[in-house]
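Spelled out from the first residue to the last, the chains are:
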Amino acid sequence: MTTSAFDVIIIGEGIAGLTAAGALAKKGLSTATFEQQIFGGLVLNVNELDPAPPGGEAGGAAFASELTGANADAGVTSIQEPVTALTAADGAYVVTTESGNYRARQVIIASGARLKTLNVPGETEFEGRGVSKCADCDGPMFQNETVAVIGGGDSALQEANVLTHYCGKVLLIHRGTAFRAQQRLIDQVNANDKIEKRFGTTVEAILGGQMVEKIRVKTAAGSEEIAAAGVFAYIGLEPNTAFVPDSIKRDDQGRLVTSDALETALPGVWAIGAVRSACGGSLDDAIAEAHRAADAVAVRLK
Ligand code: NAP
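Remember, it's a predicted structure, so these values are computed and weren't measured experimentally. (Residues numbered from 1 in each chain as written. Predicted model: local features only at pLDDT ≥ 70, side-chain atom pairs only at ≥ 80, totals over all residues. Heavy atoms only, no water.)

Focus on the sheet that holds strand β14 (residues 222-227)
Judged by pairing direction, the sheet is antiparallel, and its 3 strands sit side by side in the order β12-β13-β14 without closing on themselves. Strands with a single pairing partner mark the edges of an open sheet, and in this sheet they are β12 (202-208) and β14. Pairwise comparison of adjacent strand axes, ignoring direction, gives a mean angle of 25 degrees for this sheet. Two elements, strand β13 (residues 212-219) and β14, share 6 bridges in a ladder whose sense is antiparallel. Following the sheet pairing, isoleucine 215 is matched in β14 by isoleucine 226. (Pairing = 2+ DSSP bridges. Helix = DSSP H or I, 4+ residues; strand = E, 2+ residues; numbered from the N terminus. Axes fitted to C-alpha atoms, helices over the stretch in contact; angles between N-to-C directions.)

A look at the state of the cysteines
Applying the stated criterion to the full structure yields 1 disulfide. One disulfide in the model links cysteine 134 with cysteine 137; its S-S distance is 1.9 Å. The chirality of the disulfide connecting cysteine 134 with cysteine 137 is right-handed, given an S-S dihedral of about 80 degrees. Here cysteine 167 stays unpaired: no disulfide links it, and the sulfur of cysteine 134, its closest cysteine neighbor, is 13 Å away. (Disulfide = S-S within 2.5 Å.)

Written out as C-alpha cells, the structure reads:
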C-alpha cells in the first residue's frame, strides 16, 4: 500500500471535478484527482453542449480533454483508479483505492452520476447490439432506421433530436402525459417531423435475434410490439456514492446533502455537481459549484 499526501483530493474527473482541480492548482495547492472510468463524466458523450459553457463550444469530449491537459500543466496529479473508501483520520481524510491510501486535508466529492437503466428483459443482453447509452456515438449506426428513446426529461428530448440527424424515425416513449423538460427542447421535439411521441407508454421488454428488432410496450390499451433497431434510455441519473460514508446524508434520490456553502456534514468534505442534492443540473451550475468549492477550500487551508 502506498501513502501519498495532498492538500486537496477531488474524487471524479467530470467537468465539475476537473474545473475545481484546475482552480485549486492555480491557487498553489497540491491537488489530486481520481477517476474510475475515463475523464469527462456525463458530457463525454455529448457532442453539442447546449448551452455550451465558455470553452465547451467544440463538445463534451474536447472540453474535458482541454481541462485535463490544462490541469496536467498546472501540476494536478491524476490517478485513474476507483475510490473505494473515504475515511476521517487525525483531522484529515484518507481516500482509499485498491492500490493505496491517499491523505488530503480537504476533499471534494465530484463523482457525478450514471444513467439509470430500465431493468427490463433484453436490456443487458442487447447492450452494444442495439441498446445504447450514447446517441452521438451510436446514432450513425442507425441510418434511416427506427429507434426508440425512452424518457421525458431534458436528456431524452435532447438525444431524440440528435438521433434524427441519422435515423429515419425516432419514437419518443414517455410514461407520463407531458414532458418535464426545458421548453426550448419541447419546442424542438414538437417541430421535428422525424420524432413520433408516445405518452402513457412504458417499455416492458427489448426483443430481437442477433440485434434488437423490436420493443414490447404497455399502454392503457394493453401490450404492443413495435419495430425498432435501437433503444436509448434516458430516464434519469443515479449518483455515484458507493464510497461515501453513511455519515454524509443523502436525499431521496441518493444524492449528497450539503450546506449552501457546498460542505457536507463532514467538515472539510465538499460535494459539487450531479452527485450533490440541489445542484441545478446544468453544466453551468456544476462549473459554478466547482469554482465556489475551490474558493472555499482555499480559504479553509490558509
Ligand atoms: P430527469 O430530469 O430525471 O428525467 C428523467 C425522465 O425519465 C422523466 O421524464 C421520468 O419520467 C422518466 N423516467 C424515470 N424513471 C423511469 C422509468 N423507470 N421508466 C420510464 N421512464 C422513467 O433526467 P435527465 O433528463 O437525464 O436529466 C438529468 C439532469 O440533467 C436534469 O437536471 C436536466 O435538467 C439536466 N440536463 C440538462 C440538459 C441541458 O441543459 N441541455 C441536457 C440533459 C440533461 P417522469 O417525468 O414521469 O418522472
